[in-house]
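# Descriptive analysis of the structure
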Amino acid sequence: MLCKICKTKGKREKAVINLRQHKLSLCKEHYIEWFEKHTLKTIKKFRMFSMDGKIGVAISGGKDSLSLWYLLTKAGYETVGIHISLGITANKYSEKSLKLCQNMSERLQKPLIVFNLQDNFNHPIEKIAELSGRDNVCSVCGTFKRYIMNKIAIDKNLNAIATGHNLDDESAVLLSNTLRWETGYLGRQYPVLLERKGFARKAKPFCFFTEKEIVSYAILNNIQFMETGCPNSESATSPIYKQALAFLEHKMPGTKLRLYKEFFKKARPIFTKLNEEEVKLNPCEKCEMPTSTKICTVCRIVEKIKGKTIC
Ligand code: AMP
Ligand code: FES
Ligand code: ZN
Ligand code: ZN
């Protein structure tokens, strides 16, 4: 297969990728160009952030977030990487992830903030979940990651936090919330969440790209990334929704993109209206971060596990 753009210029360059849902096959140079142009277009269209001020890029060590940090820096944004080291020892997961983030920081010559859970909360994430009596580690992990990211962004006065969420993640969340008619979550799902008192702005510039498109961008740019996911994620439900959507995508290319884009146009405004009565927030009595209860979830967990140890 030949690159469609090269063809229009009378060149015969072999394509490295075939984007079925866009009916487009491209060579390395034109794929990178296409991918970067679309990311910048998404940032502009949803007014995610501007060139002024610093953008914190939440880096897990995976393909999505490392590619995002690379692309935003290449495009001229002032970036700082933020990595939360969770202390997961299985397959040396946290150790390897941290190394990959440090490698990218060196390559880009940009600072990396590392927040170590063990140093700050005395335990790795699995122990925090166990001591707090919650069996879904990834869900506790998500709560801590969101809290820490937000706190760093507020403390460091960052303009926004950018995460590597992709179309597979976003369409799976959308399907899961729709199947349970979670109207509150449906009203809030969007590529950008504006800042509010105590909450930093959050943006997902890769939300219209599939995993395959991002892996291709990472490989073509020699980005080394963690190839395995979190070892605790076996109990998570999101892979089930992703599999269901992968089946539909295979049979009907473009399904995921259509589902996600049409949701913004046709359904989300209805749910946003339903949620007009905002949840009242106040500063947490312990840490002063916004919460709808007296003490936020993270502080409640930290309080509960204080002094507890596992024999
Ligand atoms: P996940 O929920 O693991 O699919 O990750 C979604 C996004 O959250 C990633 O693309 C990153 O931007 C961010 N993220 C996940 N894990 C971490 C971490 N340990 N440190 C910093 N950011 C993270
Ligand atoms: Fe953090 Fe699974 S324990 S994502
Ligand atoms: Zn080409
Ligand atoms: Zn708190």
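Notes on the structure in this doc start here. Just so it is clear, the model here is predicted, and its values are computed rather than measured.

## As for a nonpolar patch on the surface
A surface patch of nonpolar side chains, about 280 Å² in accessible area, is lined by Phe 247, Leu 248 and Met 252. Tracing the sequence through the fold places Phe 247 in helix H11 (residues 238-251).

## Focus on a positive patch on the surface
Taken together, the side chains of Lys 4, Lys 7, Arg 12 and Lys 23 make up a positively charged region of the molecular surface. Relative to the helices and strands, Lys 23 is located in the loop between strand S1 (17-19) and strand S2 (24-26). Judged by relative accessible area, which is 66%, Lys 23 ranks as exposed.

## Considerations on the coordination of the zinc ion (ligand 4)
The coordination sphere of the zinc ion (ligand 4), as far as protein atoms go, consists of Cys 284 (SG), Cys 287 (SG), Cys 296 (SG) and Cys 299 (SG), spread over 2.2 to 2.4 Å. Around the zinc ion (ligand 4), the 4 donor atoms sit at angles spanning 105 to 115°, and that spread fits a shape best called tetrahedral. Ordering the donors of the zinc ion (ligand 4) by residue number gives the pattern C-x2-C-x8-C-x2-C. Residue Cys 296 shares its accessibility class with Cys 299, and that shared class is buried.

## Details of the pairing of strand S3 (residues 54-58)
Judged by how many residues are buried, S3 sits mostly within the fold: 4 of 5 residues are covered. Where S3 meets strand S4 (residues 78-85), 5 bridges bridge the pair, whose relative direction is parallel. Its bridge partner being in S4, Ala 58 is matched across the sheet by Ile 82. Traced from S3 through helix H3 (residues 63-74) to S4, the parallel crossover comes out right-handed.

## Some remarks on the coordination of the zinc ion (ligand 3)
On the protein side, the zinc ion (ligand 3) has Cys 3 (SG), Cys 6 (SG), Cys 27 (SG) and His 30 (ND1) as donor atoms, found 2.0 to 2.4 Å from it. Around the zinc ion (ligand 3), the 4 donor atoms sit at angles spanning 101 to 117°, and that spread fits a shape best called tetrahedral. In primary sequence terms, the donor set of the zinc ion (ligand 3) follows C-x2-C-x20-C-x2-H. Within this pair, whereas Cys 6 is found in helix H1 (residues 4-8), its partner Cys 27 is found in the loop between S2 and helix H2 (28-45), the two being separated by 21 residues in sequence. Across the pair, exposure class does not vary: Cys 6 and Cys 27 are buried alike.

Analysis parameters
Residues numbered from 1 in each chain as written. Chains lettered and ligands numbered in written order. Predicted model: local features only at pLDDT ≥ 70, side-chain atom pairs only at ≥ 80, totals over all residues. Heavy atoms only, no water. Patch = residues over 30% accessible without salt bridge, like charges linked within 9 Å, V, L, I, M, F, W, Y side chains within 5 Å. Areas by Shrake-Rupley, 256 points an atom, 1.4 Å probe, with all protein chains shown as cover. Salt bridge = Lys/Arg side-chain N within 4 Å of Asp/Glu carboxyl O. Helix = DSSP H or I, 4+ residues; strand = E, 2+ residues; numbered from the N terminus. Lys, Arg positive; Asp, Glu negative; His and termini not counted. Charge placed at Lys NZ, Arg CZ, Asp CG, Glu CD. Buried < 20%, exposed > 50% of the residue type's maximum accessible area, 1.4 Å probe, protein only. Donors = N, O, S within 2.8 Å, 3.2 Å for Na, K, Ca; no water. Tetrahedral: all angles 85-135°; square planar, octahedral: opposite > 155°, others 65-115°. Pairing = 2+ DSSP bridges. Right-handed = clockwise from strand over helix to strand, strands pointing away.

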